[in-house]
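What follows is each chain in one-letter form.
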Amino acid sequence: MDYSQFLVMKQEICLLVIFLLVFLNDIFMPRKAQSAIGVITCILFGIFTLFGFCPMVIGNSSADAFAGMYATSPVIVNIKNILNVGVLIVLIQSLRWTASDMQRIRRGEFYELLLVTLFGMYLMISSRHFLMFVIGLETASLPLAAMVAFDKHRYESHEAAVKYILTAVFSSAIFMMGLSFVYGLTGSLYYTNIAAGIQSGAAIVPLVIALAFVIAGIGFKLSLVPFHLWTADVYQGAPTPVTSYLSVISKGSAAFAFLVILWQVFGSVYADAWEWMLYALIILTITVGNLFAIRQRNLKRFLAFSSISQAGYIMLGVIAFTALSQMGKAALMFYILVYIFSNLAAFGVIGAIENYCGKVSMDDYNGLCKTNPRLSFVMMLAMFSLAGIPPFAGFFSKFFIFTSAINQGSVAIYVLVLIALINTIISLYYYLLVVKAMYIKTEEPCSISTFRSAWSERIAMWICVAGIVGLGIVSYFYDNLLTLVGC
């Protein structure tokens, strides 16, 4: 075995080095010195994130390793960089929570589990063999169950963890069943070999069954309807930093991996096997997510159904990506980057208020602009961006997704985009309910008194605000992604 192959995995190796440094600090440093473990993790990961955008450090060429099971390219590197940005914001947001009396003793475990899950997501994105994909999937999923149950003194956290682990096991079993069908039809687990076997004339009926199992297995990770029932309960029961991590990083990595699997493995039978299957999933996901979000008063459940709806828009980017047009992949990458800033801004406000007084109900936010105008402003920008109101970044991310999808040119895709546009109007209503509570329902005194959030929470929120405003004004980011995917 040529161990130089490991040098292809530069980002994975850097991440493991950070994990080992955090682990050794947690194990061997004195108790007083461990109070800085959160800041140390943020600094190390921040340096890693910045270096990730430097081609001279990480590399800017395509390569593979381990007999083609692992692959990297400029696009894959930048996909991981996008996830790194979100992880860095989550790490900064979590500093105050991990420093609380209840979590202080085990804050090292939180950072270690988070880094391990990110490593698994890296493997999912870079895998070109289903064995490596499953290893990455389980490496990402199992530590997340421990993170959901991290607040061990809350019954809701225990319940959320049980629901998450049972769902993860069930979805993995369904996914593995689909892989057994695929292996039986093609005799290989390599993406390229499977694609070649399908093109050579694999039986279409068993292939559709196999593909349905594969889509269902990954659909659980993405919270696609009807595989979404775990989402609201897990989001509500998990600690807020874990919920924010689940809502953007886990969903983003699964979307990128889904894109690779569908197009590289099953792209040749798109029209015959999975086009209408995905159309139905997108319509159900966007519509059900929007309709159930209207009914929610708990803001974490509210954002859970919002994220379900957003998953449907993300799948539009998957449909938009074809061998003839790279715009869909660029639109998908841009959408997830914007979604990271927008959703984490909302969770940043929710986390700051929850850390202060434990309130997460929308009714508690009535008149928040009077007592905490800055938090209200950040939440308003987040809601405007998630709703797709110009000139914020969310408007352009939806615009690029719709435009890339319409470029397919079929009547069916026009109908699909029309339904998505109608649902965007519905989402505008329930996102503005939060703004209405903060700025219009001011008759009674706000139940959340004036307070000053922690410095880490303020830094994370202003990073998100800069992303929401900057990505909406500066076109360079999208142009750069479009150039990147065309290379």
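Up top is the structure.
Residues numbered from 1 in each chain as written. Predicted model: local features only at pLDDT ≥ 70, side-chain atom pairs only at ≥ 80, totals over all residues. Heavy atoms only, no water.

**Focus: empty space enclosed by the protein**
No. 1: Across all of its chains, the model carries three cavities of 30 Å³ or more by this definition.
No. 2: By volume, the largest cavity is sized at about 100 Å³.
No. 3: If you trace the largest cavity, you find it lined by Y164, T167, A168, S171, F220, K221, S223, W230, Y235, L246, S250 and K251.
No. 4: Counting only elements with at least two residues in the lining of the largest cavity, the list comes to helix 8 (155-186), helix 10 (204-222) and helix 12 (240-266).
No. 5: Examining the composition of the lining of the largest cavity, we find that four residues originate from one element, helix 8, more than from any other.
No. 6: Residue composition of the lining of the largest cavity, grouped by class: six nonpolar, four polar and two charged.
No. 7: In this structure, the second largest cavity occupies an estimated 80 Å³ of space. (1 Å grid on protein atoms, 1.4 Å probe; cavity = no way out; pocket = protein on both sides within 12 Å on 5 of 7 lines; lining within 4 Å. Points joined across faces, edges and corners; volume = space filled by probe spheres on them. Helix = DSSP H or I, 4+ residues; strand = E, 2+ residues; numbered from the N terminus. Nonpolar A, V, L, I, M, F, W, Y, C, P; charged D, E, K, R; others polar.)

**Thoughts on the nonpolar core**
Across soluble globular proteins, nonpolar side chains have a tendency to be buried as a group.
No. 1: By size, the foremost hydrophobic cluster in this structure holds 178 residues, and its most contacted members are F45, F133, Y245, F266, M315, Y365 and M383.
No. 2: Per-element tally for this core: the top contributor is helix 15 (residues 327-357), with 21 residues. (Core = buried A, V, L, I, M, F, W, Y, C linked by side-chain atoms within 4.5 Å. Buried < 20%, exposed > 50% of the residue type's maximum accessible area, 1.4 Å probe, protein only.)

**Considering helix 2 (residues 37-52)**
No. 1: When the terminal C-alpha atoms of helix 2 are compared, their 22 Å separation across 16 residues agrees well with the 22 Å that a helix rising 1.5 Å per residue should span.
No. 2: The complete set of buried residues in helix 2 reads I37, G38, T41, C42, F45, G46, F48, T49 and G52. Summarising the axial view, the buried residues of helix 2 lie within an arc of 165 degrees, below the 170-degree limit, and thus occupy one face. (Expected span 1.5 Å × (residues − 1). Arc of directions from axis to C-beta.)

**What about the environment of P390?**
No. 1: Among the structural elements, P390 can be located in the loop between helix 17 (373-387) and helix 18 (393-406).
No. 2: Spatially, the C-alpha atoms of P390 and I473 are 9.8 Å apart, while their sequence positions differ by 83 residues.

**Re the pattern of salt bridges**
No. 1: Tallied over the entire structure, the rule returns six salt bridges.
No. 2: A salt bridge links D233 to R301, with the shortest nitrogen-to-oxygen separation between them at 2.8 Å. Of the two residues, D233 sits in helix 11 (residues 231-237) while R301 sits in helix 14 (residues 299-320), which places them 68 residues apart along the sequence.
No. 3: Owing to a relative accessible area of 27%, D233 belongs among the partly exposed residues under this scheme. (Salt bridge = Lys/Arg side-chain N within 4 Å of Asp/Glu carboxyl O.)

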